[in-house]
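What the coordinates show
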Amino acid sequence: MISSADAQINRVEVGDRVRVTAPFVDPMERIKGTISEMSGTVLVLSHQDSLIYISDSLIQNLEVSTGKKRTIGEGVLIGAVAGTMIIGALSSLLNDPCRPTEINCSSASSNGDAFLSGAKIGLLSGITAGALTGFFVKIDVWERGPVRLGLGVAPTQSKVDYWDLEPKLSLKIPLGK
């Protein structure tokens, strides 16, 4: 059996599909692309018919795609809840309960009984629709890429137009083989 430590990705390589978080990118909108080149400390991503050059010192987080998976379980869960609630509510709303004084009443169920009857039908149909939808929908599975934490000093230019040394915490990503 492979442990999670053994399964961790140790290196990224040309051709890997990755998503990157960097200071110039909204964390919710990570850059997704395929590594097309790695040279020294620069990662080149092929992203939407263009190339993006990212210095490894700017990379805050790197995740590597380990493939795609089907979303059957999520589809079943969402379909079951949605089907139960929607069909149950519609059955309850469309129900015309009898009053005890009515003579020719064809329905002898309350709104609660109508909801439960509709919920059973909605549950089964929701599970079926959700499972079918989940079978056809695939999502990427992402695993945190290799990152080494380092502390050093980096030159920075101040507003007075001279260079100074400032402590810098950086993440290092081993590129290549």
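Presented here is an overview of the structure given in this document. It should be emphasised that the depicted structure is a prediction, and the values quoted were computed from it without experimental measurement.

Thoughts on the pattern of salt bridges
- This structure, assessed with the given rule, holds five salt bridges.
- A salt bridge links Arg17 to Asp140, with the shortest nitrogen-to-oxygen separation between them at 3.4 Å. Of the two residues, Arg17 is situated in strand S1 (residues 17-21) and Asp140 in strand S6 (residues 138-144); the sequence distance between them amounts to 123 residues.
- For Asp140, a relative accessible area of 18% translates into the label buried.
- Its salt-bridge partner being Glu63, residue Arg19 comes within 2.7 Å of it at the nearest N-O pair. With a gap of 44 residues between them, Arg19 in strand S1 and Glu63 in strand S5 (residues 61-70) connect regions that are remote in the sequence.
- Judged by its relative accessible area of 13%, Arg19 falls in the buried class.
- Among the residues examined, Glu63 registers a relative accessible area of 12% and is labelled buried.
- Salt bridges here are not isolated pairs; linked through shared partners, they connect Arg17, Lys68 and Asp140.

Some details on the packing of aromatic side chains
- Following the criterion strictly, the structure yields one aromatic pair and no others.
- Centre to centre, the rings of Phe135 and Phe136 are 5.1 Å apart; their planes meet at 85°, and the pair counts as edge-to-face.
- Over the ring of Phe135 we find Arg70, and its NZ or CZ is 4.2 Å from the ring centre.

About the cut-offs
Every chain is numbered independently, its residues counted from 1 as its sequence is written. A pLDDT threshold of at least 70 governs which residues receive local features in this predicted model, and a stricter bar of 80 or more applies before side-chain atom pairs are shown or counted, although totals over entire chains, interfaces and linings include all residues. In computing side-chain values, all of the structure's heavy atoms are included and hydrogens and water are not. The term salt bridge refers to a pairing of a side-chain nitrogen on Lys or Arg with a carboxyl oxygen on Asp or Glu at a separation within 4 Å. Strands here are runs of E lasting at least two residues and helices are runs of H or I lasting at least four, both read from the DSSP assignment and numbered beginning at the N terminus. Whether a residue is buried, partly exposed or exposed follows from its accessible area with a 1.4 Å probe, protein chains only, as a fraction of its type maximum: under 20%, in between, or over 50%, in that order. For Phe, Tyr and Trp, where Trp contributes only its six-membered ring, two rings pair if their centres lie within 6.5 Å, and the inter-plane angle classes them as stacked under 30 degrees, edge-to-face over 60, or tilted in between. Lysine and arginine charges are scored as sitting over a ring when NZ or CZ, respectively, is within 6 Å of the ring centre and within 35 degrees of the ring normal.

Any link to function would need more than the numbers given here.
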